[in-house]
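Structural overview
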Amino acid sequence: MSFLAPLWLALAAAAAVPLLLHLMRRRSGNRVEFPAVRYLQRAEREHSAKLRLRNLLLMLLRVLALLLIALAAARPITRLSAGGHPPTAVAIVLDNSLSTGAAVDERTVLAALRTQAEAVLASAATDDRLWLVTVDGEVRAGSASDLTDALAEVRPFDGAGSIATAIARAEGLVANAGIPARHIVVLTDGQASAWAASVALRATPVSVYVPAIEPPANRSVADATPRPARWTPRGAITARVATSDSVTWRVALGERTLARGIAGSGEELVVRGAPDERGWVAGTVELEPDELRADDVRHFALWIGPPVGVAVSAAAGPFAAIAVDALVQQDRAVPGADVIVTAADGDARLPAVLLAPNTPARVGAANRTLERLGIPWRFGPARTGRVALRGAGVEGAAVMLRYPLIPQPGAESDTLLVAGTEAWAVAGPRYVLLGSPLIAEATDFPIRAAFVPWLGETIAQRLGSAAGPVLAAAPGEPVMLPRDVDGMESPGGEARAVSGTIAAPARAGVYFLTRGAERAGALVVNPEPSESVLRRLDSEALRARIRAADLAITGDPATVVARAWAADGGRSAAGPLILVALGLLVVEAAVARRGKSGEASA
Amino acid sequence: MDSPRAPRADLFDPAALAALGRIEIIARWIVDGFIAGLHRSPRRGFSVEFAEHRPYQPGDDLRYVDWKIVARADRWVVKQFEEETNLRAAIVLDVSRSMNWTGAPTRLTKSAYAERLAAALALLLLRQRDAVGLVRYDETIRTVIPPRARMAHWQRIVGALGDQGAGLGSRADDALGHVARMLRRPGLVVLISDLLLETVPVEQAVRTLRAQGHDVVVLHILDPLERDLSAGGEAVYVDPETDVAVPVTPAEVRDAYRATVAAAIDEWRARFTVVGAAYATITTDVPFGVPLRRAFSSRERLP
């Protein structure tokens, strides 16, 4: 016999209470004067034998009942009784990743996995502990009936999720259940992208069920990107379709179709437009539905509005002036005074793109300007030497002369570009600060093709009147929101408060970020493109990803059920013990009552 | 108690009544109430014959007002009667330590109850012009007051009730033997005791008294708790006289105890009935009128 909760055996000490009461009942120190003691003596004499027997019997019954209750509380497992299975902690890991939404013979893979989960739950007993863990991070606990109901609510996730994390979580659950017999059942379609990471289990037996279902051919929208992210008001949507044959597509802004056509395999779509919509707009690139519908649409978000008015001072140098001219010609900026591009040692105001001074002698003047404008950064001593510039879209650019940007108290670490290991371009409220002048002796960045788009995006995103980022994430992926964002608006229009780092919503779509009552950016949630590649891992590949001492990978439903409940051990004896204890207490009550009535009749 | 309409003290709760005054006053109230009760009784009272007239006093039985004199002379007088027999009575009172006990602070001790009962009984007898004496005993005879018929004798009896007592024994047989010697002609002997003593010597003594022609009334005083053991937790119960200790859980032996007490009472009743003595159990929570009435009704039933 073994015990699931042996600490409860300490409750057996309570059995000493009736024993002590029985032994001490004649040792009471309380003395009471009573003249009619002779009658008491006579009553005791005439009934003492019967009383002693009754009290002894009552004491034994009470001690035995308490011992049995303590034993039952310790949840003993015994092999004496036959049939059934021992109490087992079973966690069912259900792969509900996007790929399980693929329909084969008019039935989704997830439906097949759900049926298998129901078969496992159907063999559960009341003593078992059960969990249902899905790859979207949901954990449900309860009885077999509860989990069967919960299974009906499980829908395919809009992303790959993390089956390795789900398995690790399942092992933690069964390990802490306090039941020696435990098992993890993994129900998966074996999709390669879902099994990117491997998982190592300590000692928990694992049964992996992979239904023998051939994945269907699949078409998907692999990419959908607005270029630029801010249309003023012209721009283009570029999209890429993964298909083995031709497929009709549609690009929509909101509910309005922007364009539609037919694309071939590997073809890149470019849809240009100058829509009438203004502000933050959600759009989709859609394909005609196939067997896996979740990846037939891909979402994007963009901002449409007037270009920013930009002025360039003479101190900024010719490269800056040429770049702004190019932006004006592309309708991405207009001549104006909304934003100024100037050297920090000149006559500067905010909002502005501030450049480092051309000569080290002007560093002091530049720092005084920064101080006057309340910018918590200072230029350090000039440094020379060629270092690579790193950051989004600036590959290949280098810096030869730079002034290290030294943060002052209150400086935010919003670094845009890095030269070597030090910040080169930083941004803050209404300013962007560069660590070099835009001259040929200082950096070759202005002559790179990436410079004009970078400058345009930087001015539009950081200094424009409707500034705000577009973030992209897969469902469930952690996302760090901009500091000033305090809310999020779902595709359905429901708003909720958010801040800091959040998990991307489980459903794909465009979630507008809000600051107060205004939209301040967008979070675009799309499935990982790799999840659309329906490629199954074979048993060997799966075995390599699950390192467990007792692992079985099978497509046989009966094997999974048999393994899940085949743990060695006996059945719980708690129930019978409680029944016996209750029976003893009933007998005790009967003896006590009979004793009283017997005395009365005597 | 001066008004005929006053509440009858003999029907009061004994403890509440005892709290109202000294034993003489209480005894008078009891007797006045008891006599007033007899007025309403269908019984005609004791066997007496007319002797003389005396002025009416409040509280006098209206049956004995001489209405002819009232009508003729407008003078209120009552007829006084004389007993056919000159009864000599002795009250034998147990004052042992077992009597000095009560089961609840709201009740009188058995001694206090018995003393008030004895005082009332003596007064009642004296008012009937019986001669009354008192014998108090515990392990020895503590007080002996020979029977006298004068009303002033009652004060002596009441005074003797406060004498020393509470000894560690109860020699009722000796006390009854003393009474047998004290009453030279047949009379009335009232034994007031909790009867926590041996039965045979007492039975022998009563038998002797009966053989001498005395009427014997035994008032067995019990505290209600002694009768039914209705309260109390697990404890060592100690006899205050013998120091015998018995550890008892009342809940376990209550029924057996009640049966034992009932058997003891039945035994006493049987023994006294055989020898022709009247016997009544009195618990200390009943009004004094009850034992008085039992004492005299028992006497009426005697052969």
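Predicted model only: the values in this text are computed from it and were never measured.

**Thoughts on the overall build of chain A**
The helix and strand inventory of chain A stands at 11 helices and 40 strands. Buried residues in chain A amount to 42% of all 602 residues. Look at the contacts in chain A between residues 6 or more apart in sequence, and 70% of them connect residues 24 or more apart.

**Side note on the overall build of chain B**
Scanning chain B from N- to C-terminus turns up 10 helices and 10 strands. The 303 residues of chain B split such that 41% are buried.

**With respect to the sheet that holds strand E18 (residues 279-287) of chain A**
Residue and element names in this part refer to chain A. Within the open sheet, the 5 strands sit side by side as E13-E19-E18-E15-E16. Their pairing is mixed. With one partner strand each, in any of the chains shown, strand E13 (230-231) and strand E16 (256-263) form the two edges of the open sheet. Here E13 runs beside strand E19 (residues 297-304); their pairing, made up of 2 bridges, is parallel. Note on E19: the bridge partner recorded for Trp-231 is Ile-304.

**Digging into helix H5 (residues 152-160) of chain B**
Residues and elements named next belong to chain B. Looking at H5, one finds that the buried residues are Trp-154, Ile-157 and Val-158. Buried residues of H5, viewed axially, fall in a sector of 95°; they line one side. Turned more than 90 degrees from where H5 packs its buried face, Ala-152 and Gln-155 sit exposed.

**A look at the packing of helix H4 (residues 110-127) of chain B against H5 of chain B**
The angle between the axes and the distance between the axes are what describe a pair of packed helices. Residue and element names in this part refer to chain B. Viewed as axis vectors pointing N to C, H4 and H5 meet at an angle of 170°, and their least axial separation amounts to 10 Å. By the angle between their directions, the pair H4 and H5 is classed as roughly antiparallel. Remark: the crossing between H4 and H5 carries right-handed chirality. Every residue of H5 that contacts H4 at Ala-119, Ala-122, Leu-123 and Leu-126 is listed here: His-153, Trp-154, Ile-157 and Val-158. Its residues assigned to classes, the contact of H4 with H5 comprises 7 nonpolar, 1 polar and no charged.

**Re the confidence of the model for chain A**
Summarising the model, chain A shows a mean pLDDT of 86, and 93% of its residues fall at 70 or more. Note on residues 597-602 of chain A: pLDDT is under 50 here. Beyond four places in sequence and across chains, it has 9 contacts.

**Let's talk about the interface of chain A and chain B**
Across the contact, 25 residues belong to chain A and 27 residues belong to chain B. Of all the secondary structure elements, the ones that give two or more residues to the side of chain A that touches chain B are strand E2 (31-33), helix H2 (37-73) and helix H11 (574-601) of chain A. Examining the composition of the side of chain A that touches chain B, we find that 11 residues originate from one element, H2 of chain A, more than from any other. A per-class count over the side of chain A that touches chain B returns 11 nonpolar, 4 polar and 10 charged.

**Brief notes about H4 of chain B**
All names here are of chain B. Look at H4: 25 Å from first C-alpha to last across 18 residues, which is about the 26 Å you get at 1.5 Å a residue. Burial runs high along H4: 16 of the 18 residues are buried. Trailing H4 by a residue or two, Arg-129 shows a phi angle of about 65°, which is positive.

**Observations regarding the sheet that holds strand E22 (residues 339-343) of chain A**
Residues and elements named next belong to chain A. Spatially, E21-E20-E22-E23-E30-E29-E28-E25-E26 is the arrangement adopted by the 9 strands of the open sheet, whose pairing is mixed. Unpaired on one side and paired on the other, strand E21 (333-335) and strand E26 (398-402) mark the two borders of the sheet. Mean inter-strand twist for the sheet, computed between neighbouring axes without regard to direction, equals 30°. In terms of strand pairing, strand E25 (residues 383-390) meets E26 through 4 bridges, oriented antiparallel. Within the sheet, the bridge partner assigned to Thr-384 lies in E26 and is Leu-401. Its contacts with the sheet put helix H8 (residues 451-463) on strand E20 (308-312), E21, E22, strand E23 (352-355), strand E28 (415-419), strand E29 (422-428) and strand E30 (431-434), and the angle it makes with E20 is roughly 120°.

**Brief notes about the packing of H2 of chain A against helix H9 (residues 250-275) of chain B**
Axis separation between H2 of chain A and H9 of chain B bottoms out at 8 Å; the angle between their running directions is 130°. By the angle between their axes, H2 of chain A is oblique relative to H9 of chain B. Like other packed secondary-structure pairs, H2 of chain A and H9 of chain B cross with a definite hand, here right-handed. On H9 of chain B, the residues that touch Tyr-39, Leu-40, Arg-42, Ala-43, Glu-44, Glu-46, His-47 and Leu-51 of chain A of H2 of chain A are Glu-252, Val-253, Ala-256, Tyr-257, Thr-260, Val-261 and Ala-264 of chain B. Along the lines of polarity and charge, the residues of the contact of H2 of chain A with H9 of chain B split into 9 nonpolar, 2 polar and 4 charged.

**Considerations on unusual backbone geometry**
The omega torsion across Leu-350 of chain A and Pro-351 of chain A is 0°, close enough to zero to call that bond cis. Tracing the backbone shows Pro-351 of chain A in the loop between E22 and E23. One non-glycine residue, Glu-106 of chain A, adopts positive backbone phi at about 65°. Here Glu-106 of chain A shows up in the loop between strand E5 (103-104) and strand E6 (107-108). Its identity is not glycine, yet Leu-195 of chain B carries a phi of approximately 55°, on the positive side. Tracing the chain through its elements places Leu-195 of chain B in the loop between strand E6 (188-193) and helix H7 (199-211). Judged by the 23 C-beta atoms lying within 10 Å of it, Leu-195 of chain B falls in the buried class.

**Examining the environment of Val-221 of chain A**
Residue and element names in this part refer to chain A. Within the secondary structure, Val-221 is located in strand E12 (residues 220-227). Counting along the chain gives 20 residues from Val-221 to Val-241, while the straight-line C-alpha distance between them is 4.5 Å. With sequence-adjacent residues up to four places away left out, Val-221 is seen in contact with Ala-239, Val-241, Val-285, Leu-287, Asp-295, Asp-296, Val-297 and Arg-298.

**A short note on the confidence of the model for chain B**
All names here are of chain B. With 78% of its residues at a pLDDT of 70 or more, chain B has an overall mean of 77. For the stretch residues 1-5, pLDDT sits under 50, and the model shows 10 contacts to residues farther than four places along the chain or on other chains. With pLDDT under 50 throughout, residues 39-47 is counted as low confidence; its partners more than four residues away or in other chains account for 5 contacts. For this predicted complex, the interface score ipTM comes out at 0.74, while the overall pTM is 0.51.

**What to know about the environment of Arg-272 of chain A**
Relative to the assigned elements, Arg-272 of chain A resides in strand E17 (residues 268-273). Along the chain, Arg-272 of chain A and Ala-236 of chain A lie 36 residues apart, while their C-alpha atoms are 4.0 Å from each other.

**Thoughts on the pairing of E30 of chain A**
All names here are of chain A. Neither face of E30 is exposed, since Tyr-431 and Leu-433 on one face and Val-432 and Leu-434 on the opposite face are all buried. In terms of strand pairing, E23 meets E30 through 3 bridges, oriented parallel. Opposite Ala-352, over in E30, you have Tyr-431 as the bridge partner. Of the strand pairs in this sheet, E29 and E30 are connected by 4 bridges, and their pairing is antiparallel. Looking across to E30, one finds that Val-426 is bridged to Leu-433. As consecutive antiparallel partners, E29 and E30 are separated by 2 residues, and within that stretch Arg-430 has a phi angle of approximately 70°, a positive value.

**Focus: the nonpolar core**
Judged by nonpolar contacts, the single largest core of 59 residues is most densely connected at Ile-91, Val-92, Ala-118, Ala-122, Val-190 and Ile-192 of chain B. It is H4 of chain B that contributes the most residues to this core, 12 residues altogether. For Ile-91 of chain B, the residues in contact, after removing those within four places along its chain, are Ala-118, Leu-121, Ala-122, Val-132, Leu-134, Val-190 and Ile-192 of chain B. In this structure, Ala-91, Leu-110, Tyr-209 and Leu-534 of chain A belong to the second largest nonpolar core, which totals 55 residues.

Rules behind the numbers
- Residues numbered from 1 in each chain as written.
- Chains lettered and ligands numbered in written order.
- Predicted model: local features only at pLDDT ≥ 70, side-chain atom pairs only at ≥ 80, totals over all residues.
- Helix = DSSP H or I, 4+ residues; strand = E, 2+ residues; numbered from the N terminus.
- Buried ≥ 20, exposed ≤ 12 C-beta atoms within 10 Å, placed from the backbone.
- Contact = placed C-beta atoms within 7 Å.
- Pairing = 2+ DSSP bridges.
- Arc of directions from axis to C-beta.
- Axes fitted to C-alpha atoms, helices over the stretch in contact; angles between N-to-C directions.
- Parallel < 35°, antiparallel > 145°, perpendicular 65-115°, else oblique.
- Left-handed = near helix turned anticlockwise from the far one by under 90°.
- Nonpolar A, V, L, I, M, F, W, Y, C, P; charged D, E, K, R; others polar.
- pLDDT = per-residue confidence, 0-100.
- Expected span 1.5 Å × (residues − 1).
- Core = buried A, V, L, I, M, F, W, Y, C linked by C-beta atoms within 7 Å.

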